[in-house]
Amino acid sequence: MRFIWAANWKLNKSPKESLVAINELLEQVPKNLHSQVLVFPQNFSVGVLASLLSKTSMTWGAQNIHPENEGAFTGENSPKILKEMGATHVLIGHSERRHLFAEANEFLARKVSSAQKEMLIPVLCIGETLEERESNKTKSVLEEQLKIGLQFCDFQKPVIIAYEPVWAIGTGKVAMPEQVLEAHAFIRNYLKEMTQQDFAEKTPILYGGSVKADNAEILSKVANVNGFLVGGASLQAETFNQIIQASL
Ligand code: PGA
């Protein structure tokens, strides 16, 4: 499985700034790795980015979608429109969506299904809070997020899982390799039990949460880590490229 580096820019970078950043990224990241790089820009930057990236092998996705393609859903993103604009992927259930915007597993399950219907690859983000980890609930939380989040999933189509412990996102507190090893093994095994072997083996499991150039190498070598979802350190092309170089 080819390693994936995904940049989650969150609510950062104007269209102008995105254009600068993407040009820097295209320049700095070796061309043979472009197809393994995935950028999630802020919505208003999608237009400029889409037309530039359509001429490259780098791809982009949206940070969120609504389950419906159209209708009276003020402020929402349509999976169908995103597809038309050239998106290939969509983040679903990022911890900020779950915690700041109260998105529940059942709602996220509908988004996974809608994304797949439009041939977008859902990146289902899962992860436990510090409190859940400390009260020994990590596995049950992950299991619930997978079980409900993937309940309408078409296992004939691709999906990506991103394991992002909530306590490691944007905090500088990266998970220990042993913690990542355990969580990713749990996810892989759960996918094997839930679906056919083939789907479980083919599904990339990304790690996210304070990935930086100095921890990327060790984390990239952990079994079942098939890529990174990077927030803060993806905002500068240079630091993102350092992560890529460190995890080759
Ligand atoms: P971080 O964010 O790399 O800044 O911790 C990761 C994410 O939110 O996907």
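Scroll up for the structure.
This one's a predicted model, so the numbers in the text were calculated from it and none came from an experiment. (Residues numbered from 1 in each chain as written. Predicted model: local features only at pLDDT ≥ 70, side-chain atom pairs only at ≥ 80, totals over all residues. Heavy atoms only, no water.)

Novice: Go over the packing of aromatic side chains with me, naming the residues and quoting the values.
Specialist: By convention here, two paired aromatic rings are described through the distance between centres and the angle between planes. Overall, the coordinates contain five aromatic pairs when judged by the stated rule. Seen from their ring centres, Phe-3 and Phe-228 are 5.2 Å apart, and the 80° between their planes marks the pair as edge-to-face. On the criterion of sequence distance, the pair formed by Phe-3 in the segment before strand 1 (4-8) and Phe-228 in strand 8 (residues 227-230) is long-range, its members being 225 residues apart. As far as burial versus exposure is concerned, Phe-3 and Phe-228 are alike and both buried. With a centroid separation of 4.8 Å and 75° between ring planes, the pair formed by Phe-155 and Phe-199 is classed as edge-to-face. You can see Phe-155 sitting in the loop between helix 7 (138-149) and strand 6 (160-163) and its partner Phe-199 sitting in helix 9 (residues 197-202), a full 44 residues away along the chain. By way of ring pairs, the aromatic residues Phe-3, Trp-5 and Phe-228 are connected into one cluster. Taking the ring centre of Trp-9 as reference, the NZ or CZ of Lys-13 above it sits at 5.3 Å. (Phe/Tyr/Trp six-rings, centres within 6.5 Å; stacked < 30°, edge-to-face > 60°. Helix = DSSP H or I, 4+ residues; strand = E, 2+ residues; numbered from the N terminus. Buried < 20%, exposed > 50% of the residue type's maximum accessible area, 1.4 Å probe, protein only. Lys NZ or Arg CZ within 6 Å of the ring centre and 35° of its normal.)

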